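# Report on the structure
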Amino acid sequence: MTALTRQDIGRLLARQGILFAFVAFMVAFTLANGRFLAPDNVMGVIRSSAILGVMALGVTFVVISGNLDLSVGSMMSFSTIVVLDLHDKIGPALAIPAMFALTMCLGALIGFLVGYLRLNSLIVTLGMLSAIYGLTLTWSGGKNMDIADKAGTWFGVFGQSSVLGVPVPILMFGGLAVVLAFMLAKTPFGRKVYAVGGNGVAATFSGIPRARIVFLCYVLSSFCVATAGLMQASRSMGSQNTVGQGLELSVLAAVILGGASLMGGSGTIFKTVIGVLILGFIQNGLLLVGLQFYVQYVVTWVIIILAVWLDIAVKRGRLWSPIA
Amino acid sequence: MTAMQPALRLEGIVKTFPGVRALDGVSFDVMPGEVHALMGENGAGKSTLMKVLGGIHQPDAGRIIVNEVPVQMATPLEAKAKGIVFIHQELSLAEELSVAENIYLGELPCKSFGRVDWALLYERTNDILKRLNVGFNAKTLVGDLSIANQQMVEIARALTHDAKAVIFDEPTASLTDAEKVVLFDVIDDLKAAGVGIIYISHRMEEIFKITDRISVLRDGSYRGTLTTCDTDQDAVTHLMIGRALDLSRSAAQHELGDVAIEVRGLCCGKLFQDVHFEVRRGEVLGFYGLVGAGRTEIAETLFGLRSPSAGEILLNGQPVSIASPADAIAMGISLVPEDRKGQGLILGMNCRDNMTLPQISDLTAGPFVAEGSEIAIFDQYRDKLDIRTPGWKQQVGNLSGGNQQKIVIGKWLSMRPDILIVDEPTRGIDVGSKSEIHNLIRDLAAQGYAVIVISSEMPEVLHVSDRIVAMYSGRVMRTFAANEVTEDNLIQAISGIGGDRVA
């Protein structure tokens, strides 16, 4: 092997930079706090990443199809509040499917606006972020929602129990990740999602109904959000109206961190899961070294910028490329 | 040493990418006032060489010499400053700004307090436009101009600088014949002004009409320079592909079958009106006309991408309504679209996935894609069409233009259509692949496909078609049988002169 040139190093950094940064983080955190890699801490990180992770799975489909979904945080608040409220009114067995149906109606509305009316997904979902928040507050009357009889319901199973020592939220995240990974990588639908995001015009010229594919991606994303809402509600048995606030950015950060391009057409479920875990470990590490919780908001932004920069750098083949 | 110094000289340019030696010691020079053609098949290294000249890539070895001064260019801006100007095939103009603003973008003349000196700007611009003899003025919005006129704006921009060398990259790709004449006049003016010109094109007629010398690249290495007036197309082709090329006319040798598709009085708003034609199995029907004559729009209507405002389409004698590409595909119609990269392929996807995309819903085992069947289809058409790729995992964006086009053709042949529509089958691909694709089209007809070929290149239409529909301004001017068509009456028909209308 010849010695690495500066160009080679630049290319390697651009392609695997996130991984290097992650390893550096992990080493630094482990040195700063020995508990960082302890099994219970690792399990804790995965568990606390599960809700965000489930949402990121759905958003991965949306992003690969070439669109954005900034409404998922707000939509997660909605599904959490709705399922908690309905729990006491019609019982958990009916509340859960009703909440899924309502949440997926919101997803279908977004899918209709973006897919069939061809409105810009950034505007539509940013607007929905606000509109769904309003809907949630209207539903709850602005009050926190609590399950009255927390001891007498089986509803906590999705957030609190374990099977063979593995917490249920991790199982749900893992199970859904496997199913969606196969759906994306191995089914005709998944292939069409890549085609629509990779080159929508060419997809049309291949007889693929673009609008329907985009529509289905948003419905799928809202299904994931409903699942996340169920996990959140089940874990806490009560919730504020703002429980999902700001999650849309963390979700997007995880998806981009995993390497899905915002231009559409690339990304995988496996990479998104890696992105979710990286984000989780970094946020956990910041807490363990004694930084305030609020620092993570800044760090999330830094991570998004870093990931987007590297994504672009790989495409351009250089890290430094000012607008010429 | 001669008395005159070259405007631009390349000495032993080498550029290596991981695993590929893209340029292997390329040397040639361009004299002031010379039009120097650069030719080579796709993948021969022309684009890489242009990127080196344009400051986008840095050469690993070799020198670029402008007016006897060796130069180094780290960015496109530096290349421009050194007097090397590009006229790209894809235009880079701001459509919402005026012609004058585009030409002087970044260097608008200013008065005090940073105010733009509009009077001076328009005066300077109109001076340049006068030299180019164009029909628009400094204040026209670029977005309102035709592609040809936008190209003139790019050329005008080149003239504002003290250009030593101007490089034209496939400048006539989207020009009409009349617009080409204007372009060639401008090139003559540049010549007279002592500018060295590099002219890249696949079109032999143009090369022989306007260039002084021809340099040829093959597989990244320099194959020689010929003096245009002392050579002929065969010699150039031989240098490019290492063998001679057969472009003689080949009419159908086989029996024609039933009428596969018939179109009666088809209209689509202002795009085309009252179009009649029929195609039999085993027949190639050529569509010839100027850009904008409505040919592509007819193809898109047959493929369900546009809805006709009147008229009938009959498949095997039955009237049908085609509402979407999915409908068209189900009825056995395939369209190889005109814009390979924009409409035909998903460049970031691999070869196999691109090829099987239209039938992906049918290639399943349970809920999953049957990847084995996919690979079998890919292998079959790779062999049949002689697609040169390391394997199905290769991204199509990395293939040469000819091989990309074969992927698109394979994609649609694997649908086993009754009717194959091919729009601009060889646009922007090299001479060698061109003749392969022509032969392929003839073979398909012989196998019983009904084929419609749309082309802007007359030799191509004449070569592959059994009959030719000449279109002008959205109307069918005349349908020629093979034995009655000549270059002259075809040109007359598509220019709207003469040509009795025969439906």
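Just so it is clear, the structure is predicted and the values come from calculations on it, not from any experiment. Per chain, residue numbering runs from 1 following the sequence as it is written. To read the labels, note that chains go from A and ligands from 1, taken in the order they are written. Given that this is a predicted model, residues contribute local features only at a pLDDT of at least 70 and side-chain atom pairs are listed and counted only at 80 or more, while totals for whole chains, interfaces and linings are drawn from all residues. The side-chain numbers reported here are obtained from all heavy atoms of the structure, hydrogens and water having been left aside.

A few words now on the overall build of chain A. If you tally the helices and strands in chain A, you get 13 helices and four strands. With respect to the three principal axes, the spread of C-alpha positions in chain A is 70 × 55 × 35 Å. The contact rule is simple, with two residues in contact once any of their heavy atoms fall within 4.5 Å. Here the contacts in chain A between residues at least 6 apart in sequence split such that 80% fall between residues at least 24 apart. Values of accessible area rely on a 1.4 Å probe in the Shrake-Rupley scheme; residue burial ignores everything except the protein chains shown. When the accessible surface of chain A is split by element, carbon and sulfur atoms take 69% of a total near 14700 Å². Measuring between centres, the 19 positive side-chain charges of chain A sit 16 Å from its 9 negative side-chain charges. Runs of H or I in DSSP of at least four residues are treated as helices and runs of E of at least two as strands, each being numbered from the N terminus. In this tally, Lys and Arg are treated as positive and Asp and Glu as negative; His is ignored, and so are the chain termini. Note that the charge is assigned to NZ on lysines, CZ on arginines, CG on aspartates and CD on glutamates.

All names here are of chain B. Strand order across the open sheet formed by six strands is β6-β7-β8-β3-β9-β10, with mixed pairing between neighbours. Two strands bound the open sheet, and with one partner strand each, they are β6 (84-87) and β10 (221-227). The sheet shows a mean angle of 20 degrees between the axes of neighbouring strands, direction not considered. Bridge analysis of strand β9 (residues 213-218) against β10 gives six bridges, and the strand direction is antiparallel. Bridging from a neighbouring strand, serine 215 pairs with threonine 225 of β10. Axes here refer to lines fitted to C-alpha atoms; in helices the fit is confined to the stretch in contact. Angles between the N-to-C directions go from 0 to 180 degrees. The sheet strands contacting helix α5 (residues 147-160) are β6 and β7 (165-169), and the helix crosses β6 at an angle near 175 degrees. For two strands to pair, DSSP has to find at least two bridges joining them.

This part is about the packing of helix α4 (residues 92-116) of chain A against helix α10 (residues 210-236) of chain A. In a pair of packed helices, the angle between the axes and the distance between the axes together describe the arrangement. Residues and elements named next belong to chain A. Direction vectors running N to C along α4 and α10 enclose 150 degrees, while the axes themselves pass 7 Å from each other. With respect to α10, the axis of α4 lies roughly antiparallel. Our pair here, α4 against α10, has a crossing hand that is right-handed. By the convention adopted, Pro, Cys, Tyr, Trp, Phe, Met, Ile, Leu, Val and Ala count as nonpolar, Lys, Arg, Asp and Glu as charged, and the other residues, Gly among them, as polar. Looking at the contact of α4 with α10, its residues break down into 18 nonpolar, six polar and one charged. The scheme is simple: roughly parallel for angles under 35 degrees, roughly antiparallel for over 145, roughly perpendicular for 65 to 115, oblique for anything else. By definition, turning the near helix anticlockwise from the far helix through less than a right angle yields a left-handed crossing, and turning it clockwise yields a right-handed one.

This part covers the pairing of strand β13 (residues 284-289) of chain B. All names here are of chain B. Each residue gets one of three labels from its accessible area relative to the maximum for its type: buried under 20%, exposed over 50%, partly exposed in between, using a 1.4 Å probe on protein chains only. Most of β13 is tucked away: six of the six residues are buried. What you see with β13 is no split at all: Val284, Gly286 and Tyr288 on one side and Leu285, Phe287 and Gly289 on the other are buried throughout. In the sheet, β13 pairs with strand β20 (residues 450-455) via five bridges, with the strands oriented parallel. Bridged to valine 284 within β20 is valine 451. Where β13 lies against strand β21 (residues 467-472), five bridges are found, and the strand directions are parallel. By the bridge assignment for β21, tyrosine 288 is matched with alanine 470.

Turning our attention to the sheet that holds strand β14 (residues 310-315) of chain B. Residue and element names in this part refer to chain B. Taken together, four strands build an open sheet; the order of strands is β12-β11-β14-β15 and the sheet is antiparallel. Sheet topology places β12 (272-280) and β15 (318-320) at the edges, where each strand pairs with a single neighbour. On average, adjacent strands in this sheet sit at an angle of 20 degrees to one another, irrespective of strand direction. Looking at chain direction, β14 and β15 are connected through three bridges and run antiparallel.

Another point: the packing of helix α13 (residues 371-385) of chain B against helix α14 (residues 401-413) of chain B. Residues and elements named next belong to chain B. Their axes nearest at 10 Å, the elements α13 and α14 cross at an angle of 125 degrees. Between α13 and α14, the angle falls in the class oblique. Between α13 and α14 lies a crossing of right-handed hand. Between α13, through Phe378, Tyr381 and Leu385, and α14, the contact on the second element is made entirely by Lys406, Ile407, Ile409, Gly410 and Leu413.

Here the focus is the interface of chain A and chain B. Across the contact, 19 residues belong to chain A and 32 residues belong to chain B. The buried area of a pairing is the accessible area, by a 1.4 Å probe, that goes missing from both parts when the two are put together, added over both. Both sides together, the interface formed by chain A and chain B hides about 1900 Å², and carbon and sulfur atoms give 63% of it. The three residues of chain A that bury the most area against chain B are A:Arg191, A:Phe205 and A:Ser206, which together make up 39% of that side's buried surface. One side-chain nitrogen of Lys or Arg within 4 Å of one carboxyl oxygen of Asp or Glu is enough to make a salt bridge. For the pair chain A and chain B, the interface holds three salt bridges. Any pair of N or O atoms that falls within 3.5 Å is considered a polar contact. Within protein, one atom must be able to donate a hydrogen and the other to accept it, and sequence-neighbouring residues count only if both atoms are side-chain atoms. For the pair chain A and chain B, the number of links is nine residue pairs in polar contact (both at pLDDT 80 or more). Of all elements in the fold, only α7 (168-186), α8 (188-198) and α9 (200-205) of chain A reach the threshold of two or more residues within the side of chain A that touches chain B. Grouping the constituent residues of the side of chain A that touches chain B by class yields eight nonpolar, six polar and five charged.

Right, let's get into the nonpolar core. A general tendency of soluble globular proteins is for nonpolar side chains to be buried together. Residues grouped as a nonpolar core are buried Ala, Val, Leu, Ile, Met, Phe, Trp, Tyr and Cys residues, joined through side-chain atoms within 4.5 Å. Counting residues in hydrophobic clusters, the biggest one holds 92 residues, and the most contacted among them are A:Met55, A:Leu57, A:Phe61 and A:Phe155. Per-element tally for this core: the top contributor is helix α2 (residues 39-64) of chain A, with 13 residues. Residues within four places of A:Phe61 in sequence aside, it is in contact with A:Leu180, A:Met183, A:Leu184, A:Phe189, A:Val193, A:Cys217, A:Leu220 and A:Ile269. Among the nonpolar cores identified, the runner-up in size contains 62 residues, and B:Cys268, B:Ile313, B:Phe378 and B:Tyr449 belong to it.

Quick look at unusual backbone geometry now. Its identity as a non-glycine residue notwithstanding, A:Arg118 has a phi of 55 degrees, on the positive side. Structurally, A:Arg118 is set in the loop between α4 and α5 (121-140). Despite not being glycine, B:Asp386 shows a phi value in the positive range, around 55 degrees. Looking at where B:Asp386 falls in the secondary structure, it is placed in the loop between α13 and α14. Classification of B:Asp386 as partly exposed rests on a relative accessible area of 39%.

All names here are of chain B. The distinction between a cavity and a pocket rests on a 1 Å grid over the protein atoms alone: a 1.4 Å probe fits inside a cavity but cannot get out, while a pocket stays open yet meets protein on both sides within 12 Å along at least five of seven lines, and a residue with an atom within 4 Å of a point counts as lining. Grid points are joined across faces, edges and corners, and a volume is the space filled by probe spheres set on the points. Throughout the structure, instances matching the rule amount to two cavities of 30 Å³ or more. The calculated volume of the largest cavity comes to roughly 120 Å³. Lining the largest cavity we find 13 residues, and of these Glu170, Arg203, Arg427, Gly428 and Glu457 sit closest to its centre. Class assignment of the residues belonging to the lining of the largest cavity gives a composition of two nonpolar, five polar and six charged. For the lining of the largest cavity, the two domains that each supply at least three residues are domain 1 (8-241) and domain 2 (246-332 + 419-426 + 443-503). When residues of the lining of the second largest cavity are traced back to their parent elements, those giving at least two are α9 (295-302) and β20. Counting residues per element, the lining of the second largest cavity draws most heavily on α9, which supplies four residues. Split into classes, the residues belonging to the lining of the second largest cavity amount to eight nonpolar, no polar and one charged. Source of the domain bounds: an automatic or database domain assignment.

According to the domain assignment, chain B consists of domain 1 (8-241), domain 2 (246-332 + 419-426 + 443-503) and domain 3 (340-416). Between the C-alpha centres of domain 1 of chain B and domain 2 of chain B the distance comes to 36 Å.

Residue and element names in this part refer to chain A. Residue placement: phenylalanine 29 occurs in helix α1 (residues 6-32). For phenylalanine 29 and valine 276, which are 247 residues apart along the polypeptide, the C-alpha to C-alpha distance reads 18 Å. With residues up to four places along the chain from it excluded, the contact list for phenylalanine 29 reads Phe36, Phe281, Ile282, Gly285, Leu286 and Val289.

Let us look at the packing of aromatic side chains. Two rings belonging to Phe, Tyr or Trp (six-membered ring only in the last case) form a pair when the distance between their centres is within 6.5 Å. Interplanar angles under 30 degrees mark stacking, angles over 60 mark edge-to-face geometry, and anything in between is tilted. With the rule as written, the count across this model stands at 16 aromatic pairs over all chains. With 5.6 Å between their ring centres and 40 degrees between their planes, A:Phe182 and B:Phe368 make a pair best called tilted. With A:Phe182 in helix α7 and B:Phe368 in strand β18 (residues 368-369), this pair bridges two chains. Relative accessible area serves as the criterion here: at 42%, A:Phe182 is assigned to the partly exposed category. For B:Phe368, a relative accessible area of 32% corresponds to the partly exposed category. A network of ring pairs unites the aromatic residues A:Phe29, A:Phe36 and A:Phe281 as a single cluster. Any Lys NZ or Arg CZ found within 6 Å of a ring centre and within 35 degrees of that ring's normal is scored as a charge over the ring. The positively charged end of B:Arg352 is found above the aromatic ring belonging to B:Trp392, 4.0 Å away from the centroid.

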